[in-house]
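Commentary on secondary and tertiary structure
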Amino acid sequence: MTRTAISPRLATSTFENTPYGCAVDTDRAISGLRGSRFAHFEWVDECCSTNAELAAAALRGEGDQVLGAESQTAGRGRLGRVWQAPAGASVLCSVLVRPDAVLGDGHLLTTALGVAAVEACRSVAGVTPGLKWPNDLVVQDRKLAGILAESHVTDGRIDAVVIGIGINVNWPAELPEDLASIAVSLNAVVGHDVDRTDLVVAMLIGFERWLELLAAPQGAGELRDAYVAHSATIGRRVRVESPTGAEEGDAVGVETDGRLIVDFAAGRRSIAVGDVVHLRVVT
Ligand code: BTN
C-alpha cells in the first residue's frame, strides 16, 4: 500500500482552490506539535486507511506517531463498516500510542481522544458537539465524527493502540442522500470553513494533556466526569442494537470501564458493544 506524502506545493495546487477550503498545512502542524508526544506527525495525500498504516507501523515496532490523510481508499469504521469522506474536507487521522501500564485499558485512550476532539471543536470552531455512546461526536443527533480504536496484542498484553478519528470539517453542502439526514460537518454548523490544521493540532495537544492526566491517580475520574458532562446519550431513551437484536431502554450512566448503563423493562444492564440509536429525551 503506497503512502503518498504531500509536498507543500502539491498540497497547495491540489486543494487550495477547491470548494473544501485549504489543505492541512503539515509544516504549521509540526511546528504546533514540536516538543509534544505527537511531534512525529505526517499528513499524506492518500492512503488506504490511516488506521491500517499505523497498525503496520506498530507491527514494525515503531513508537508514538500521527498519520493523517486528505483521503482514504479503504477507510475503516466501527463494527466492520466502511468510512467514507470527500477528499480534502475532513480530519482523517490516526494516532499510534504505546500505552504504559496505566493506559493499558484501550477504552480510556478512546475516551480521551473523544473528549479532546470535542474540546478542539469548541476552541477552534466555537461548536461543542455531544458524545454519543460510545465515542461519536454529534450535533443535533447528526454524526460529526467517529472514532475507531484497534489494539495490538503481543504475548497477551496490549503493546500498541491505534486510535483513528474522522471529523467532517469542510464538507460540500450537497451530500449524498444516504448521508444527508445522518451526518453533519463543522462548516455547515458554523456557516464558514474551519481551519483543519488548527483543529488537528488542538485535538492532539488536548489528547496529550488527557494522557498526562491519566497517569495521575485522579485522572480516570476526571476524564469520566468530562465524558459524562459532554454525553449526548445519558438521559436519552435509546434503542440498543446488537447482533442478537434490538431493545429499548433509558440510558442512565456509564461505568468506569466505559460500558453504557441502561434501564430496560427487564432491569438494569451495562452494555459493552453495540450501536445505540437516540430516541426521545427522558423526562
Ligand atoms: C466509526 O465507525 O464511527 C469510526 C470511524 C473512524 C474513521 C477514522 S478516519 C481515520 C481513521 N482511519 C480509518 O480507517 N478509520 C479511522
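Residues numbered from 1 in each chain as written. Predicted model: local features only at pLDDT ≥ 70, side-chain atom pairs only at ≥ 80, totals over all residues. Heavy atoms only, no water.

Contacts to the ligand come from 20 residues, most closely from Ser-49, Gln-72, Arg-76, Arg-78 and Lys-143. Between the ligand and the protein, one listed contact pairs a nitrogen atom with a side-chain N or O atom of Gln-72 at 2.9 Å. Between Arg-78 and the ligand, the recorded distance is 2.6 Å, taken from a backbone N or O atom to an oxygen atom. The protein chains hide 98% of the 410 Å² of surface that the ligand would expose on its own. Among the cavities detected, the one that contains the ligand is the largest pocket. Those elements giving two or more residues to the shell around the ligand turn out to be helix H3 (50-59), strand E4 (90-97), strand E7 (142-154) and strand E8 (157-168). Residue classes in the shell around the ligand are distributed as 6 nonpolar, 10 polar and 4 charged. (Near = heavy atom within 4 Å. Polar contact = N/O pair within 3.5 Å; in protein donor to acceptor, adjacent residues only side chain to side chain. Areas by Shrake-Rupley, 256 points an atom, 1.4 Å probe, with all protein chains shown as cover. 1 Å grid on protein atoms, 1.4 Å probe; cavity = no way out; pocket = protein on both sides within 12 Å on 5 of 7 lines; lining within 4 Å. Sits in = over half its atoms within 2 Å of the grid points. Helix = DSSP H or I, 4+ residues; strand = E, 2+ residues; numbered from the N terminus. Nonpolar A, V, L, I, M, F, W, Y, C, P; charged D, E, K, R; others polar.)

Here we come to the nonpolar core. By size, the foremost hydrophobic cluster in this structure holds 59 residues, and its most contacted members are Ile-167, Leu-186, Val-200, Met-203 and Phe-207. Among the domains, domain 1 (26-229) and domain 2 (236-281) are the pair contributing at least three residues each to this core. With near-sequence residues (within four places) excluded, Leu-186 lies in contact with Cys-121, Ala-125, Val-127, Leu-144, Asn-168, Val-169, Val-194 and Leu-199. Formed by 10 residues, the second largest nonpolar core is a distinct cluster that contains Cys-47, Leu-54, Leu-96 and Ala-160. (Core = buried A, V, L, I, M, F, W, Y, C linked by side-chain atoms within 4.5 Å. Buried < 20%, exposed > 50% of the residue type's maximum accessible area, 1.4 Å probe, protein only. Domains from an automatic or database assignment. Contact = heavy atoms within 4.5 Å.)

Now for the layout of surface pockets. In this structure, the largest pocket encloses a volume near 880 Å³. Of the residues in the lining of the largest pocket, the class split is 14 nonpolar, 14 polar and 10 charged. Split by domain, the residues of the lining of the largest pocket number at least three in each of domain 1 (26-229) and domain 2 (236-281). The space that makes up the second largest pocket amounts to roughly 610 Å³. Lining the second largest pocket are 28 residues, with His-107, Thr-110, Pro-134, Asn-135 and Gly-258 positioned closest to its centre. Breaking the lining of the second largest pocket down by element, the ones donating at least two residues are helix H4 (106-125), E7 and helix H8 (219-230). Among the residues forming the lining of the second largest pocket, the class breakdown is 13 nonpolar, 9 polar and 6 charged. (Points joined across faces, edges and corners; volume = space filled by probe spheres on them.)

Read from one edge of the open sheet, 5 strands run E12-E11-E10-E9-E13, paired in antiparallel fashion. Both outer strands of the open sheet, strand E12 (267-271) and strand E13 (275-281), are each paired with one neighbouring strand and no more. Each adjacent strand pair in this sheet contributes to an overall mean axis angle of 40°, direction not counted. Of the pairings in the sheet, the one linking strand E9 (residues 236-242) to strand E10 (residues 245-254) comprises 6 bridges and is antiparallel in character. Bridge assignment links Val-238 to a residue of E10, and that residue is Gly-249. (Pairing = 2+ DSSP bridges. Axes fitted to C-alpha atoms, helices over the stretch in contact; angles between N-to-C directions.)

Further remarks concern the pattern of salt bridges. This model, assessed by the stated rule, comprises 18 salt bridges. Across the salt bridge formed by Arg-28 and Asp-25, the nearest N and O atoms sit 3.7 Å from each other. A relative accessible area of 32% means that Asp-25 is categorised as partly exposed. With a closest N to O distance of 2.8 Å, Arg-28 and Asp-198 form a salt bridge. Of this pair, Arg-28 sits in helix H2 (residues 26-33) while Asp-198 sits in helix H7 (residues 196-214), and the two are 170 residues apart along the sequence. For Asp-198, a relative accessible area of 35% gives the class partly exposed. (Salt bridge = Lys/Arg side-chain N within 4 Å of Asp/Glu carboxyl O.)

So, to be careful, I would describe these as geometric facts and stop short of saying anything about function.
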